[in-house]
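# Fold and geometry: a report
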Amino acid sequence: MKYVDAFTDISVADVKVDLMRTAYDNEDALLNTFDPRVVLLWTVLFMIVPWLFYDPLPLAVMLGAAFVLAALSQVSKYLLALLLFGQLTNVGFFVVVVPLMGGVLRAATYLGDNAGRVIDAAVALDLGVFAEAGTIVATATSQGITTALTSQEVGIDAVGAVVPFFLKLTIISVISLAVFSAMSPQKISKGMLRLGVPRQLTFAIAYGYRMMPLLVEEYHALINSFRLRSKVPEEKGLLNWRYFYYLLKLSIKAFYPLIFNVAKRARVTVEAMETKGFSQSLADSESRTLRTENMRIQPRDVSFVFGSLVFVVALSVVFGG
């Protein structure tokens, strides 16, 4: 219920706190307690495993396990909601939007083909033009509905055929969210560094993690400053389009100072790191060893990988995948 209740009173502050927790304080998450090298290799392995199954049932069980892992890893509820929204809209596109558009196009085509009959009757001042127009509209509506329903049946069959594909992508996405939301930027960068990834790339990933919540915070502050110095439209227009246009202008105006401040922060960061000898340490193997010397693969890391493999083998045996 905690995940459900969070969406009844969502605010910008909640999103910022969630991002801050992801970037700075997620030490108690399950995946954050394992060795980062093991977790990264485990992630690569479980990006392959879902493609070894085709039946929806074992994939659904695997997806349930992935959601349990995501809950234990304290994945952001907003990221999970965004993921589920994307998958549901994919299904809705095939089941609702495509049939609806097909029906509308069929009805419009019929109306266009028969519009000449109504125009000829109107030019001839034939009073039967009204009955003729009504018949054409009714027939076009009927054909549109028939086409939409037929297309919907085809769409449902198509969705049924691609359900395993959607499940595989969702499993991989949830696992990726669990891993990269649970582990702190330092652990990810150290794990990748120990696996041989260039230090420039590991630093860029860690720096991006750290900067993301700061950028959100700063962008929000810029938007608020522009709102204080501007006037909200008195007339909001149809469906509040004037108000949304006002917000769009503010978001564009706030973008330039945001980029300027990001460049300023990046310059200060580079200067601070160069003061500590960052460029000199890139080619120094002792520096790499010093940064990762406290990493040890513990029995619990091996148990985690072994338990995961036992779970996959059990799925294969039970469901014959």
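Cut-offs used in this document
Residues numbered from 1 in each chain as written. Predicted model: local features only at pLDDT ≥ 70, side-chain atom pairs only at ≥ 80, totals over all residues. Heavy atoms only, no water. Helix = DSSP H or I, 4+ residues; strand = E, 2+ residues; numbered from the N terminus. Rg over C-alpha atoms; globule rule 2.2 N^0.38 Å. Buried < 20%, exposed > 50% of the residue type's maximum accessible area, 1.4 Å probe, protein only. 1 Å grid on protein atoms, 1.4 Å probe; cavity = no way out; pocket = protein on both sides within 12 Å on 5 of 7 lines; lining within 4 Å. Points joined across faces, edges and corners; volume = space filled by probe spheres on them. Salt bridge = Lys/Arg side-chain N within 4 Å of Asp/Glu carboxyl O. Patch = residues over 30% accessible without salt bridge, like charges linked within 9 Å, V, L, I, M, F, W, Y side chains within 5 Å. Areas by Shrake-Rupley, 256 points an atom, 1.4 Å probe, with all protein chains shown as cover. Phe/Tyr/Trp six-rings, centres within 6.5 Å; stacked < 30°, edge-to-face > 60°. Axes fitted to C-alpha atoms, helices over the stretch in contact; angles between N-to-C directions. Parallel < 35°, antiparallel > 145°, perpendicular 65-115°, else oblique. Left-handed = near helix turned anticlockwise from the far one by under 90°. Nonpolar A, V, L, I, M, F, W, Y, C, P; charged D, E, K, R; others polar. Core = buried A, V, L, I, M, F, W, Y, C linked by side-chain atoms within 4.5 Å. Expected span 1.5 Å × (residues − 1). Contact = heavy atoms within 4.5 Å. pLDDT = per-residue confidence, 0-100. Polar contact = N/O pair within 3.5 Å; in protein donor to acceptor, adjacent residues only side chain to side chain. Bend = angle between axes of the 7 residues up to and from the residue.

## Focus: the overall build of the chain
Across its full length, the chain holds 12 helices and 0 strands. Each helix and strand of the chain, placed in order from N terminus to C terminus, yields the pattern α-α-α-α-α-α-α-α-α-α-α-α. At 28 Å, the chain has a C-alpha radius of gyration far larger than the 20 Å of a compact globule built from 321 residues. Overall, the C-alpha framework of the chain stretches about 95 × 65 × 40 Å when taken along its three principal axes. When the 321 residues of the chain are sorted by exposure, 31% land in the buried category.

## Overview of the layout of surface pockets
If a probe as big as a water molecule is rolled over the atoms, it shows which places are left empty. The volume enclosed by the largest pocket comes to roughly 440 Å³. If you go around the largest pocket, you meet 19 residues; those closest to its centre are Arg-199, Phe-203, Met-273, Phe-278 and Arg-291. When contributions to the lining of the largest pocket are tallied by element, the ones reaching two or more residues are α7 (185-194), α8 (199-228), α9 (241-275), α10 (278-282) and α11 (285-292). A total of 6 residues in the lining of the largest pocket trace back to one element, the largest contributor, which is α8.

## With respect to the pattern of salt bridges
Side chains bearing opposite charge may pair, as long as their charged atoms lie close to each other. Applying the stated criterion to the full structure yields 3 salt bridges. Across the salt bridge formed by Arg-37 and Asp-35, the nearest N and O atoms sit 3.0 Å from each other. Residues Glu-234 and Lys-231 are paired through a salt bridge, measuring 3.2 Å at the closest nitrogen-oxygen approach. A relative accessible area of 65% means that Glu-234 is categorised as exposed.

## Quick look at a nonpolar patch on the surface
A cluster of nonpolar residues, Phe-93, Phe-94, Val-96, Val-97, Val-98 and Met-101, forms a patch on the protein surface that exposes about 500 Å² of accessible area. Inspection of the secondary structure assignment puts Val-98 in helix α5 (residues 77-123). Note on Val-98: relative accessible area 37%, which makes it partly exposed.

## Remarks on the packing of aromatic side chains
Tallied over the entire structure, the rule returns 9 aromatic pairs. An angle of 55° between the planes, with centres 6.1 Å apart, marks the rings of Trp-51 and Phe-165 as tilted. Pair noted here: Trp-51 is in the loop between α3 (36-48) and α4 (56-72) and Phe-165 is in helix α6 (residues 129-182), with a separation of 114 residues, a long-range link. Accessibility expressed as a relative area gives 40% for Trp-51, which makes it partly exposed.

## Some words on the packing of α8 against α9
It is the contact of α8 with α9, at a shortest axis distance of 8 Å, that shows an interaxial angle of 140°. Comparing their axes, α9 and α8 come out oblique. Here α8 runs over α9; the crossing is right-handed. Across the contact of α8 with α9, the residue classes tally to 19 nonpolar, 3 polar and 4 charged.

## What to know about the nonpolar core
It is characteristic of soluble globular proteins that their nonpolar side chains tend to be buried jointly. Residues Leu-31, Trp-42, Phe-53, Ile-175 and Val-179 are the most contacted members of the largest nonpolar core, which totals 33 residues. When residues of this core are traced back to their parent elements, those giving at least two are α3, α4, α5, α6, α7 and α12 (299-319). With 7 residues, α6 is the single largest residue contributor to this core.

## Thoughts on α9
Spanning 35 residues, α9 covers 51 Å between terminal C-alpha atoms, matching the ideal 51 Å at 1.5 Å per step. For α9, the complete set of buried residues consists of Tyr-246, Leu-250, Ala-254, Leu-258, Asn-261 and Met-273. Along its buried surface, α9 packs onto α8 and α10. Of the residues one or two after α9, Gly-277 is the one with positive phi, at around 80°.

## Side note on the confidence of the model for the chain
This prediction gives the chain a mean pLDDT of 80; 91% of its residues lie at or above 70. Mean pLDDT per element in the chain: helix α1 (residues 2-5) is the minimum at 55, and α3 is the maximum at 89.

## A look at the side chain of Asn-261
For Asn-261, the location among the structural elements is in helix α9. A relative accessible area of 18% places Asn-261 in the buried class. Polar contacts involving the side chain of Asn-261 include one to the side chain of Glu-218, which spans 2.5 Å.

## Considerations on α5
Of all the bends found along α5, the most pronounced is centred on Phe-93 and spans about 45°. Of the residues making up α5, those classed as buried are Tyr-78, Leu-80, Leu-83, Gln-87, Val-95, Pro-99, Gly-103, Ala-107, Tyr-110, Asn-114 and Ala-121.

## Quick word on the environment of Asp-55
Within the secondary structure, Asp-55 sits in the loop between α3 and α4. For Asp-55, a relative accessible area of 39% corresponds to the partly exposed category.

## Regarding the packing of α3 against α12
Taken N-terminus to C-terminus, the directions of α3 and α12 make an angle of 10°; their axes are 10 Å apart at the nearest point. Considering the angle they form, α3 stands roughly parallel to α12. Packed against α3, whose contacting residues are Val-38, Trp-42, Leu-45 and Phe-46, the element α12 presents Asp-301, Phe-304, Val-305, Ser-308, Leu-309 and Val-312 at the interface.

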